[in-house]
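Below, each chain spelled out in residue letters.
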Amino acid sequence: MDKELISFDIKTGMKNIIGRDLITDDFIAIYELVKNSYDAYADYVTITFNDDEIIIADNGKGMSEVDIKEKWLAVAYSAKKDGSEDDDDDVKRYSHLNKLKLRRYYAGAKGVGRFSCDRLGSKLELITTHLSSENTYKIEIDWSVFESDPKQSFNSIEIPFYRIDTIPSYNNSKNHGTILKISNLNSQWTEKRILDLKHSLEKVINPFSEAENEFKIEIIAERHTVADWGKEPYYQINGIIQNSILSVLKIKTTEINLVVNNDKIITKITDRGSLIYHIEESNPFSNLIDKLEIGLYFLNRSAKINFVKIMGLPVINYGSVFLFKNGFRVQPYGEVGDDSWKIDQRKQQGYNRFLGTRDLFGNVNLISDNIEEFKEVSSRDGGLVETTGKKILFDLFMEKALKRLERYVVGVLWGEAFARKNYFLDFSIAQKYRDKLTGDKDKDSYEDIKENLGSKIDFVNLIKSLSDENVEIIDYNKELVNLVNERLDVIQPKFISELEKIAEKTNDTELFNQIKLTEDNFNRILQEKVEALKRVEFEEQQRKEAEKRAKDEELKRIEAEKRQREEEEKRRRAELETERKEKERALAELAKLKAEQKAKEEKEKNKDLTDKLSLETKKNQYLNATRKTLSDDAEQLVHSIDLYVGNASTYVNELMTSNIDEQIKSKVYSIKSNIDKAIKVSQIIIKSNFDYKYTDQRVNLPKYISEYLEDLEISHKNLKIDTIGLFDKFVLINPIEIDIIFDNLVSNSKKAQAKNILVEFSKNQNALEILYSDDGSGMSELLTKNPDAIFDLGVRDSKEKGSGIGMFDVSKRLKGLKGSITFVGNNKKLKGVCFKIKI
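Residues numbered from 1 in each chain as written. Predicted model: local features only at pLDDT ≥ 70, side-chain atom pairs only at ≥ 80, totals over all residues. Heavy atoms only, no water.

1. Description of the overall build of the chain
Scanning the chain from N- to C-terminus turns up 28 helices and 23 strands. Looking at the chain as a whole, 46% of its 839 residues qualify as buried. Surface summary for the chain: the accessible area is close to 44700 Å², and the carbon and sulfur share equals 50%. (Helix = DSSP H or I, 4+ residues; strand = E, 2+ residues; numbered from the N terminus. Buried < 20%, exposed > 50% of the residue type's maximum accessible area, 1.4 Å probe, protein only. Areas by Shrake-Rupley, 256 points an atom, 1.4 Å probe, with all protein chains shown as cover.)

And the structure:
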């Protein structure tokens, strides 16, 4: 078998793959060329925009003929990556370059950045002078030549190379450096695009570093010089790019600073200039990350307003959390709308519990020679390659920086943990303390949390949780753990022990003393609370005993009065029995005489007059009967009937208010209703010869009610009853029902200490409406909220004594008359109660 050796042949199409197809953004292309100048030890770069030409010039070490032929023209070769970039002995002889080298790491290491020129324009002229040479070299590249024949090999394209005797003047009058002239541009560079580029280049080298930046970038665009006049520096195109973000860092806000230095992780949180806590812990990732700084800022409303004042634009339009590797920015981290840190994705999982990119601003600055673990994807705008190093870097950012800042902001400053973590004995107390924190977002100082018990308790919980993580607590804010003068009876007692654990962890003598005072205060408050409860219980017991004694005395009085009434009744019955027979005889004789006299008179009257007996006389028969004067015998008899039936009514009332079955209670009510009718009928029959077989009478109801109320007014002293709006309304009705209804209403008014009653009559279509009002004490607030309850059986107003039957009886009787009664509140004329009756 014959063996033959073959090799790869790289075609010219590779130029696009590692050039314009890889670097798809003009800004990224310029970044790459600026990074090459930085890696060449330049301290000054100018980017000049002419018509259809961009010139990027630096004063770096420049390139020798060997550098151009063996390094610059070697595709995908990086002297930075293999370490040969610093082998130049001439470089080592220049002290200022060595000084720069000590403070720098290489920004690029892939060997493809030079193809960024193709992204910008199709033609390139490179002029360079090495710092140890008097020769200047120039090459000219037409990138379109590489696209003419796809089968042509990459190394078959010949590139013109020139040696120039005259050394051009590089930036800052240096006689060494590199100039790139890119023409036949692929894009138009408008005023806005150049200004956007300038703002992007502000962040290309870490603008958060307070160390003096020896690397300067200047933009020159003479056609826009006039347009720059009168504008703020931030909106001027021409000039050296300034590190304006440092002014923003002086804004008083809440921030966390994390430093990974060899074997330690040091974390500090400050809030508007005051230290919150300072902790240290071991660095378990020192084999991969030994130098890292994270500065993360929470921007409240006040800080965001100040940001706009300083930068001239909202922070949301500037960016969020930027990543810098070896001093140079890594895209796209921190870009407007970018969420590579997964901050917003996490915030969506818990509203008001997590911070989002709109709330945050800051930077992650990684210093590392470990190219493989922290390398960028070839497209340059795709971030870091997924490696173990990247995962650890992101975990440090999330767990040690973001979550700790978030825990302080959301918990201590916002109070989101008060109710959720059950700090307080009552939710309403937690809400009250949380509401007091709403103004903190608009302030440049943090006094609100120093005066808020909820924030202090949350801070104690925060420090305690840090100590549980085997973290060394170096320092913490003493004001936020001072609970000596707080009302600790509203919180869970466990927080006293939490304070003790913090004191033990930090060996803080001062805190131990505070805890002793706090415990004394807490125990004093608890003791006062216990004694107050005992006093309340004792006073309540005394009140109940006094009420019981008063009730017992009242029962004794009622029983004595009952016995007295019974004895009096026995005596009166004996007297009445003696007189009864004599009066019966006299009445019989009198009745006989009256009958004979009446018969005689009737015969003498005109028969026509008898036939024309008016309807008005008949309808008032019932009312006239009730007004006749009683004889002595009848008065005694009525008194006896009232007494017996009245006693029965009292016993029924007591039975109604007792705890009996509802069905039995309904039957008992029927008994009471008939008893009330019996009382009323007995009075009527005894007063007259009224024929009760015809209970339904056709009466002028408004007039009848008015006259009946006049009679009631006579029998009730200190009570004035007025009626208004009288009109004729004839109704076929049982007047006894009307009597009992108004007896109950007037009785209730008397119980409410009413002095005046007003009854108003009005028509509503074919119905009679009556407004019954008094000036008594009115109904209690409880019944006013549910007025229909007063018509329920057994319900009575707490202000009045009674069985709770009267209003139920009124409602039930009106329903039997196809009527109704409702509570309508206060009448404007009398400020007691007002009921509307409809028949």
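Now that the structure has been shown, the text picks up again.
2. A few points about the packing of helix 25 (residues 701–715) against helix 26 (residues 735–751)
Between helix 25 and helix 26, whose axes approach to 11 Å, the crossing angle comes to 50°. Judged by the angle between their axes, helix 25 and helix 26 are oblique. The element helix 25 and its partner helix 26 pack so that their crossing is right-handed. Contact residues: Leu701, Tyr704, Ile705, Tyr708, Leu709 and Leu712 in helix 25; Pro735, Ile738, Asp739, Phe742, Asp743 and Val746 in helix 26. (Axes fitted to C-alpha atoms, helices over the stretch in contact; angles between N-to-C directions. Parallel < 35°, antiparallel > 145°, perpendicular 65-115°, else oblique. Left-handed = near helix turned anticlockwise from the far one by under 90°. Contact = heavy atoms within 4.5 Å.)

3. Quick notes on the environment of Asn300
Looking at the element boundaries, Asn300 is found in the loop between strand 12 (291–298) and helix 11 (301–311). Expressed as a C-alpha distance, the spacing of Asn300 and Asp444, which sit 144 residues apart in the sequence, is 9.3 Å. Sequence-distant contacts of Asn300, defined by excluding residues within four places in its chain, comprise Thr253, Arg272, Asp440, Lys441 and Lys443. At 3.5 Å, the side chain of Asn300 and the backbone oxygen of Lys443 are in polar contact. (Polar contact = N/O pair within 3.5 Å; in protein donor to acceptor, adjacent residues only side chain to side chain.)

4. So, the side chain of Lys390
The residue Lys390 is located in helix 13 (residues 388–413) in this model. By relative accessible area, Lys390 is classed as buried at 10%. Among all residues touching Lys390, those that are not within four sequence positions of it are Tyr333, Glu373, Phe374, Leu384 and Val385.

5. A look at the packing of helix 26 against helix 28 (residues 806–816)
Taken N-terminus to C-terminus, the directions of helix 26 and helix 28 make an angle of 150°; their axes are 9 Å apart at the nearest point. On the basis of the axis angle, helix 26 is roughly antiparallel to helix 28. Once helix 26 is placed against helix 28, the crossing between them reads as left-handed. Taken together, the residues of helix 28 that come into contact with helix 26 (itself represented by Glu737, Ile740, Ile741, Asn744, Leu745 and Asn748) are Gly806, Met807, Asp809, Val810, Arg813 and Leu814. Across the contact of helix 26 with helix 28, the residue classes tally to six nonpolar, three polar and three charged. (Nonpolar A, V, L, I, M, F, W, Y, C, P; charged D, E, K, R; others polar.)

6. Re the sheet that holds strand 9 (residues 254–261)
The sheet built from eight strands is open, its strands ordered 14-13-15-12-9-10-11-16 with mixed pairing. What marks the edges here is a single partner per strand, and that holds for strand 14 (328–330) and strand 16 (472–476). Pairs of neighbouring strands in the sheet enclose a mean axial angle of 15°, with direction left out of account. Examined bridge by bridge, strand 13 (residues 321–325) and strand 15 (residues 360–366) share five bridges and lie parallel to one another. Note that in strand 15 the partner of Phe322 across the bridge is Asn363. The strands that helix 13 touches are strand 9, strand 10 (264–271), strand 11 (274–282), strand 12, strand 13 and strand 15; relative to strand 9, the one it contacts most, it runs at about 150°. (Pairing = 2+ DSSP bridges.)

7. Some thoughts on the nonpolar core
By size, the foremost hydrophobic cluster in this structure holds 65 residues, and its most contacted members are Ile289, Tyr408 and Phe424. With 14 residues, helix 13 is the single largest residue contributor to this core. The residues contacting Tyr408, other than those within four sequence positions of it, are Thr254, Ile269, Asp271, Ile276, Leu413, Tyr446, Ile449 and Leu462. (Core = buried A, V, L, I, M, F, W, Y, C linked by side-chain atoms within 4.5 Å.)

8. Observations regarding the side chain of Asn477
Summarising the element assignment, Asn477 is placed in the loop between strand 16 and helix 18 (494–506). At 2.9 Å, the side chain of Asn477 and the backbone nitrogen of Glu479 are in polar contact.

9. Topic: the packing of aromatic side chains
Scanning the model with the defined rule gives 20 aromatic pairs in all. For the pair Phe307 and Phe361, a centre-to-centre distance of 5.4 Å together with 75° between the ring planes defines the contact as edge-to-face. In this pair, Phe307 is assigned in helix 11 and Phe361 in strand 15, connecting sequence segments 54 residues apart. We note that Phe307, like Phe361, is buried. Each member of the aromatic cluster is reached from another via a ring pair, and the members are Phe307, Tyr318, Phe322 and Phe361. In this structure, Lys69 packs its charged tip against the face of Phe161, placed 4.9 Å from the ring centre. The positively charged end of Arg346 is found above the aromatic ring belonging to Phe354, 4.0 Å away from the centroid. (Phe/Tyr/Trp six-rings, centres within 6.5 Å; stacked < 30°, edge-to-face > 60°. Lys NZ or Arg CZ within 6 Å of the ring centre and 35° of its normal.)

10. Quick notes on helix 28
In terms of residue burial, helix 28 counts as a mostly covered element, since eight of its eleven residues are buried. Lys818 sits one or two residues past helix 28 and shows a positive phi near 60°.

11. Here's the deal with helix 13
Every α-helical turn comprises 3.6 residues, leaving residues that sit three or four positions apart pointing alike. Compared with an ideal rise of 1.5 Å per residue, which puts 26 residues at 38 Å, helix 13 spans 35 Å between its outermost C-alpha atoms and is within 8% of the ideal. The largest bend in helix 13 is about 30°, located at Lys403. For helix 13, the buried fraction is high: 20 of the 26 residues fall into the buried class. Positive backbone phi, at 75°, marks Gly415, one or two positions downstream of helix 13. (Expected span 1.5 Å × (residues − 1). Bend = angle between axes of the 7 residues up to and from the residue.)

12. Comments concerning the confidence of the model for the chain
Summary statistics for the chain give a mean pLDDT of 80 and a share of 76% for residues scoring 70 or more. Between residues 98–104, whose pLDDT stays under 50, and residues either more than four places distant or in other chains, the model counts 14 contacts. Taken as a whole, residues 608–623 scores under 50 in pLDDT and shows 21 contacts with residues more than four places along the chain or in a different chain. (pLDDT = per-residue confidence, 0-100.)

13. A short note on the environment of Ile305
Relative to the helices and strands, Ile305 resides in helix 11. We classify Ile305 as partly exposed; its relative accessible area is 49%. Distance from Ile305 to Val315, taken between C-alpha atoms, is 9.2 Å for residues ten residues apart in sequence.

14. As for unusual backbone geometry
Omega for the peptide link from Gln331 to Pro332 comes to 5°, which places this bond in the cis form. Inspection of the secondary structure puts Pro332 in the loop between strand 14 and helix 12 (343–347). For Asn326, which is not a glycine, the phi torsion comes out positive at approximately 55°.

15. Focus on the pairing of strand 7 (residues 216–220)
Burial along strand 7 is one-sided: Ile217 and Ile219 are buried, and none of Lys216, Glu218 and Ile220, which face the opposite way, are. With five bridges connecting them, strand 1 (residues 44–50) and strand 7 associate as parallel partners. In the strand pairing of strand 7, Val45 is matched with Ile217.

16. A few points about the sheet that holds strand 2 (residues 53–58)
Spatially, 5-4-3-6-2-1-7-8 is the arrangement adopted by the eight strands of the open sheet, whose pairing is mixed. Among the strands making up the open sheet, the edge pair consists of strand 5 (161–164) and strand 8 (239–240). Pairing of strand 4 (residues 136–142) with strand 5, which is carried by four bridges, proceeds in the antiparallel orientation. Each residue of the ladder has a partner; that of Ile139, found in strand 5, is Phe161. Sheet strands in contact with helix 8 (residues 191–201) are strand 1 and strand 7, and its direction is about 175° off that of strand 7.

17. Thoughts on the pattern of salt bridges
Side-chain pairs of opposite charge can arise where the charged atoms are in close proximity. One pass over the structure, following the stated rule, counts 46 salt bridges. Arg580 serves as the salt-bridge partner of Glu584, at 2.6 Å between the closest nitrogen and oxygen. Taken together, the residues span about one helical turn, with Glu584 and Arg580 both in helix 19 (residues 509–604) at a distance of four residues. Residue classification places Glu584 among the partly exposed positions, given a relative accessible area of 41%. (Salt bridge = Lys/Arg side-chain N within 4 Å of Asp/Glu carboxyl O.)

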